[in-house]
Amino acid sequence: MRRTPILLVAATLAAGCGGGKADAPPAVREGAVVYRDALRDNRGGWFVQKGQMSFQGERYLWRDIPTGVSPAAGPDVLLQQQIPKGLSVSVGVEVDKGAALRVIDCRELGPRDKPVQDWYELGIDGRQALIRRMAADAPPRVLARRALATPNGKRVRLTGQCVPDAHGRLVLALEVDGRQVARARDAEPLPAARDGIDGTPGIRAYARPDSPGPASVAWQDFEVRTATVP
């Protein structure tokens, strides 16, 4: 089973330091498909928990996420192959109830059977688009932020790109329905692997602190591609 899927996070959605302004990162070029899963059923070996995380109506449904808890998951099948250093990860997602940040993770680092220690996340919370560098023992560091309204019940396709450039920096870009909405570059990035274990991609969600109650999120059509920058 891929890492402990429920992670308590001390930081709030608004916390963290900004990444500052810098020259624009280069465009990302997507390549071959590494993994594809419609998320109609659990053939990929995703985490399931009765009544909370399950496959229903050809969607991977996460129900009643409380504030202060961030469920996260990825396919066990993907762990059976080498993870490329440059990735473009996309998934369809909608919020059925409450208010939630829904993100794509990349470079998740840590032992396979324990909570993730470090990672990047790229996503939207209904009001804004965010790219953040995360650590289990520190506040999030916001690398990019942009106002972006996304109503509940609207299914959108998120694409998160995490790609090293020729100078050892990591280019991070977020697309919503094929349109780039945020981008950043980390000059001292997380490694692609740690202790011989590849950093993996996945999906994650948080109920917003101002959510009127627990949030429910549904996922479809998860895809991972190789990616490079010119």
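Residues numbered from 1 in each chain as written. Predicted model: local features only at pLDDT ≥ 70, side-chain atom pairs only at ≥ 80, totals over all residues. Heavy atoms only, no water.

## Some remarks on the overall build of the chain
Right, so step 1: Along the backbone of the chain there are 0 helices and 17 strands.
Right, so step 2: For the chain, the residues scored as buried account for 52% of the 230 residues in total.
Right, so step 3: Partitioning the contacts of the chain with sequence separation of at least 6, the portion at a separation of at least 24 is 70%. (Helix = DSSP H or I, 4+ residues; strand = E, 2+ residues; numbered from the N terminus. Buried < 20%, exposed > 50% of the residue type's maximum accessible area, 1.4 Å probe, protein only. Contact = heavy atoms within 4.5 Å.)

## Some words on the nonpolar core
Right, so step 1: Within the largest apolar cluster, 48 residues are counted, with the highest numbers of intra-cluster contacts made by Tyr-60, Trp-62, Leu-172, Trp-219 and Phe-222.
Right, so step 2: Trp-62 has contacts with Gln-52, Met-53, Pro-71, Ala-72, Ala-73, Ile-203, Arg-204, Ala-205, Ala-215, Ser-216, Val-217 and Trp-219, leaving out every residue within four places of it along the chain.
Right, so step 3: With 8 residues, the next largest nonpolar core counts Val-103, Val-116, Leu-130 and Met-134 among its residues. (Core = buried A, V, L, I, M, F, W, Y, C linked by side-chain atoms within 4.5 Å.)

## Considerations on the state of the cysteines
Right, so step 1: Per the stated rule, a full pass over the model turns up 1 disulfide.
Right, so step 2: The partner cysteine of Cys-106 in its disulfide is Cys-162, sulfur to sulfur 1.9 Å. Disulfide Cys-106 to Cys-162: torsion about the S-S bond roughly -85 degrees, handedness left-handed. Here Cys-106 is found in strand β7 (residues 100-109), whereas its partner Cys-162 is found in strand β11 (residues 156-164), with 56 residues between them in sequence. The two residues Cys-106 and Cys-162 agree in class, both being buried. (Disulfide = S-S within 2.5 Å.)

## What to know about the packing of aromatic side chains
Right, so step 1: Counted according to the given criterion, the structure contains 6 aromatic pairs.
Right, so step 2: Above the plane of the ring of Tyr-206 lies Arg-132, whose end atom (NZ or CZ) is 5.6 Å from the centre.
Right, so step 3: Stacked on the ring of Trp-119, the Lys or Arg Arg-204 has its end atom at 4.3 Å from the ring centre. (Phe/Tyr/Trp six-rings, centres within 6.5 Å; stacked < 30°, edge-to-face > 60°. Lys NZ or Arg CZ within 6 Å of the ring centre and 35° of its normal.)

## Quick look at the environment of Lys-97
Right, so step 1: For Lys-97, the position within the fold is in strand β6 (residues 87-97).
Right, so step 2: The partly exposed category is assigned to Lys-97, whose relative accessible area is 39%.
Right, so step 3: The sequence separation of Lys-97 and Ser-211 amounts to 114 residues, and the corresponding C-alpha distance is 9.1 Å.
Right, so step 4: Leave out the neighbours within four places in its chain, and Lys-97 touches Asp-64, Asn-152, Pro-214, Ala-215 and Ser-216.
Right, so step 5: A distance of 2.4 Å separates the side chain of Lys-97 from the side chain of Asp-64, its partner in a polar contact. (Polar contact = N/O pair within 3.5 Å; in protein donor to acceptor, adjacent residues only side chain to side chain.)

## Remarks on the confidence of the model for the chain
Right, so step 1: Summing up the model confidence of the chain, the mean pLDDT is 90 and the portion of residues at 70 or higher is 90%.
Right, so step 2: Considering only residues more than four positions removed or in separate chains, one finds that residues 1-12, a stretch of pLDDT under 50, has 51 contacts. (pLDDT = per-residue confidence, 0-100.)

## Some remarks on the environment of Arg-132
Right, so step 1: Note that Arg-132 resides in strand β9 (residues 128-135).
Right, so step 2: Among the polar contacts listed, one links the side chain of Arg-132 to the side chain of Glu-121, at a separation of 2.5 Å.

## Some details on the pairing of strand β8 (residues 118-124)
Right, so step 1: A large share of β8 lies buried, amounting to 7 of its 7 residues.
Right, so step 2: Here 7 bridges tie β8 to β9, and the two strands are oriented antiparallel to one another. Across the sheet, Trp-119 pairs through a bridge with Met-134, a residue of β9.
Right, so step 3: From the end of β8 to the start of β9, which pair antiparallel, there are 3 residues, and Gly-126 there has a positive phi angle of about 95 degrees. (Pairing = 2+ DSSP bridges.)

## A look at the side chain of Ser-54
Right, so step 1: Along the chain, Ser-54 falls in strand β3 (residues 53-56).
Right, so step 2: The buried category is assigned to Ser-54, whose relative accessible area is 19%.
Right, so step 3: A distance of 2.9 Å separates the side chain of Ser-54 from the side chain of Arg-63, its partner in a polar contact.
Right, so step 4: When sequence neighbours within four positions are dropped, the list of residues in contact with Ser-54 reads Val-48, Arg-59, Tyr-60, Leu-61 and Arg-63.

## Remarks on unusual backbone geometry
Right, so step 1: In this structure, Leu-39 is a non-glycine residue whose phi angle is positive, near 60 degrees.
Right, so step 2: Leu-39 gets classed as buried once you look at its relative accessible area, which sits at 0%.
Right, so step 3: Residue Asp-195 is not a glycine yet carries a positive backbone phi of 55 degrees.
Right, so step 4: With respect to the helices and strands, the residue Asp-195 is situated in the loop between β14 (193-194) and β15 (197-198).

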